[in-house]
Amino acid sequence: MKKIQVWDLPIRLFHWALVVMIVVCIYTINQENITAHQYAGIFVLILLLFRIIWGLIGSSTAKFWDFVKGPVTIYNYMRYGVSKTEGHNPMGAYMVLLMLFVLLTQTITGLFLTDNTYLHQDSPLYKLISGDTRKYFKMIHQYNLYVIYVMIGLHITAILGYFFFKGQNLVKTMVVGSRKESEWHSPMAKEMSGNKPWLALVIVVVLGIVVPYMLYGYMKNIEFFVWIQNTALWLKGLLF
Ligand code: HEM
């Protein structure tokens, strides 16, 4: 049977690693193992940063412009069920963007929190904001989890919907990377292109070094707003 490649290996590894690490984040916080929670959360942050970079320079179906479309395409998809890509459908695209945003919010707010069990270290950037701001961040970190749960619920509902009503096994495609002809989304399905797993590996290794260095080495000891100011000045110098 004819098959078509939909997802590259880096996207599949990203997806399943994200699932596992979100579970680890929730498990470790329930166990009050704040240190493990922070490390798992930073791993999630690295995964999200990787996904954003991969959305710009990765394989065709990973790229944001492959699946983020305007209202006309969304309308056509809702009305006629036609999608031009075998990757995310035009509706699912906005869910992906929302998930990235919500998970980034969760990880970024976590970086500034303190350990209220007093048994572990505080998060690496806790000194960089005031106590009042931290209360606010803590509240976001706490309630945003419910948003994450709702999103996971919608995500699973959509997958089940595809399976039972359209006979398409999206989970299997996310595991093996390909889809058989009877499950194609688009009448003239295009094969995924631009497979470059080595580039993905380099990006993950670089992020794996730079992000912890920034958090535990560099940014930890400087005033947050001074850092923002310096970065803005540096960017301005670079651009103008
Ligand atoms: C997807 C990623 C993450 C999830 C799902 C998550 C989830 C949670 C949850 C549910 C809580 C308990 C909130 C409450 O009810 O008070 C919590 C607390 C906390 N999280 Fe996260 N978190 C994530 C990422 C991070 C990151 C990246 C860090 C820091 C490196 C972090 C540091 C903390 C700290 C310090 C607390 C407070 C613990 C305490 O009150 O003693 N989290 N997190």
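Small disclaimer: the values here were computed from a predicted structure and weren't measured.

## So, the site of the ligand
Taken together, 24 residues are adjacent to the ligand, and Gln-38, Gly-41, Gly-110, Leu-113 and Asn-116 come closest. Elements represented by at least two residues in the shell around the ligand include exactly helix 1 (9-30), helix 2 (34-57), helix 5 (90-110) and helix 6 (131-166). Top element by residues in the shell around the ligand is helix 2. It accounts for seven residues. Classifying every residue of the shell around the ligand gives 12 nonpolar, 11 polar and one charged.

## Remarks on the packing of helix 2 against helix 5
Close contact between helix 2 and helix 5 brings their axes to 9 Å; oriented N to C, the two are set at 140°. Classed by the angle they form, the pair helix 2 and helix 5 counts as oblique. Helix 2 and helix 5 meet at a crossing whose hand is left-handed. Counted together, Gly-41, Val-44, Leu-45, Leu-48, Arg-51 and Ile-52 of helix 2 and Leu-100, Leu-103, Leu-104, Thr-107 and Gly-110 of helix 5 form the full contact between these two elements. Along the lines of polarity and charge, the residues of the contact of helix 2 with helix 5 split into seven nonpolar, three polar and one charged.

## Overview of the UniProt feature "transmembrane region" (unreviewed entry) in the protein chain
Taking the numbering used here, the UniProt-annotated feature "transmembrane region" (unreviewed entry) corresponds to residues 13-30, 39-57, 91-113, 143-165 and 198-216. Across residues 13-30, helical content stands at 100% and strand content at 0%; the span's end C-alpha atoms are separated by 26 Å. Secondary structure across residues 143-165 divides into 100% helix and 0% strand, with the first and last C-alpha atoms of the span separated by 33 Å.

## Re the packing of helix 1 against helix 2
It is the contact of helix 1 with helix 2, at a shortest axis distance of 9 Å, that shows an interaxial angle of 155°. Relative to helix 2, the element helix 1 is oriented roughly antiparallel. Crossing of helix 1 over helix 2 shows left-handed handedness. Contact residues: helix 1 offers Pro-10, Ile-11, Phe-14, Ala-17, Leu-18, Met-21, Ile-22, Val-24, Cys-25, Thr-28 and Ile-29, while helix 2 offers Ala-36, His-37, Ala-40, Gly-41, Phe-43, Val-44, Leu-47, Phe-50, Arg-51 and Trp-54. Tallied by class, residues from the contact of helix 1 with helix 2 come to 17 nonpolar, three polar and one charged.

Rules used in this analysis
Residues numbered from 1 in each chain as written. Predicted model: local features only at pLDDT ≥ 70, side-chain atom pairs only at ≥ 80, totals over all residues. Near = placed C-beta within 6 Å. Helix = DSSP H or I, 4+ residues; strand = E, 2+ residues; numbered from the N terminus. Nonpolar A, V, L, I, M, F, W, Y, C, P; charged D, E, K, R; others polar. Axes fitted to C-alpha atoms, helices over the stretch in contact; angles between N-to-C directions. Parallel < 35°, antiparallel > 145°, perpendicular 65-115°, else oblique. Left-handed = near helix turned anticlockwise from the far one by under 90°. Contact = placed C-beta atoms within 7 Å. UniProt positions renumbered as here; feature names shortened; annotations may be inferred.

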